[in-house]
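Coordinates in review
For reference, the chains in residue letters:
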Amino acid sequence: MSQCLHVLLFQQVPGVWIGQALEHDMVSEASTIGEALRGIVRLVEAHSAFDRRDRREPLSAFGGAPQSCWSAFTSGTPLTVSQLGIEQPEAWEIVAAIAHRRPTMIPVVRETGLRAMA
């Protein structure tokens, strides 16, 4: 039984492609679209193997990507991994799309607990 992972691909600047996994927020950067997707596949394989060894749900440590990435995926052009000569990773089905424009990334601000030292 395979799990589905949606991957958004977009050009950050000329010559820099980003692969952004959506269900599990992981990012890969490369000089070509194929290498950006291969980077995500390698991350999925490595982290899934690590999680299986530790008896955890694969990729459970990664939360979801921002809504802007999902919106860019939905309006993007579908692409199969086989079109780029990439094999699906074990137990995963990668569904990819090329964004028509770069998604707006809103940085996540996390509060830190600062304490006064006496």
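Residues numbered from 1 in each chain as written. Predicted model: local features only at pLDDT ≥ 70, side-chain atom pairs only at ≥ 80, totals over all residues. Heavy atoms only, no water.

In this section: the pattern of salt bridges. Summed over all chains, the structure comprises three salt bridges. One salt bridge connects D51 with R56, and the closest N-O pair in it is separated by 3.2 Å. Measuring nitrogen to oxygen at the nearest pair gives 3.6 Å for the salt bridge that ties D54 to R56. What makes D54 partly exposed here is its relative accessible area of 40%. (Salt bridge = Lys/Arg side-chain N within 4 Å of Asp/Glu carboxyl O. Buried < 20%, exposed > 50% of the residue type's maximum accessible area, 1.4 Å probe, protein only.)

The biggest cluster of nonpolar side chains holds 20 residues, and the ones touching the most others in it are L5, V7, L9, M26, L37, V44 and I94. Residue assignment for this core shows that the elements contributing at least two residues are strand 1 (3-13), strand 2 (16-21), strand 3 (26-30), helix 1 (33-53) and strand 5 (92-98). Among the elements that line this core, the one with the most residues is helix 1, at six residues. Among all residues touching L37, those that are not within four sequence positions of it are V7, L9, V81, L84, I86, I94 and A96. Residues L8, A72, A97 and A99 belong to the second largest nonpolar core, which totals ten residues. (Core = buried A, V, L, I, M, F, W, Y, C linked by side-chain atoms within 4.5 Å. Helix = DSSP H or I, 4+ residues; strand = E, 2+ residues; numbered from the N terminus. Contact = heavy atoms within 4.5 Å.)

Residue placement: H6 occurs in strand 1. A polar side-chain atom of H6 sits 2.4 Å from a polar atom in the side chain of E23. Not counting the four nearest positions on each side in its chain, H6 is found in contact with Q20, A21, L22, E23, W70, F73 and V95. (Polar contact = N/O pair within 3.5 Å; in protein donor to acceptor, adjacent residues only side chain to side chain.)

Spatially, 3-2-1-5-4 is the arrangement adopted by the five strands of the open sheet, whose pairing is mixed. What marks the edges here is a single partner per strand, and that holds for strand 3 and strand 4 (77-79). Across this sheet, the average inter-strand angle for adjacent strands is 25°, counted without regard to direction. Strand direction decides the pairing type here: strand 4 and strand 5, joined by three bridges, are antiparallel. Residue pairing in the sheet places L79 in a bridge with A96 of strand 5. Docked against the sheet, helix 1 engages strand 1, strand 2, strand 3, strand 4 and strand 5, running at close to 140° with respect to strand 3. Sheet strands touched by helix 2 (residues 67-74): strand 1, strand 2 and strand 5. Its angle to strand 1, the strand with the most contacts, is close to 90°. (Pairing = 2+ DSSP bridges. Axes fitted to C-alpha atoms, helices over the stretch in contact; angles between N-to-C directions.)

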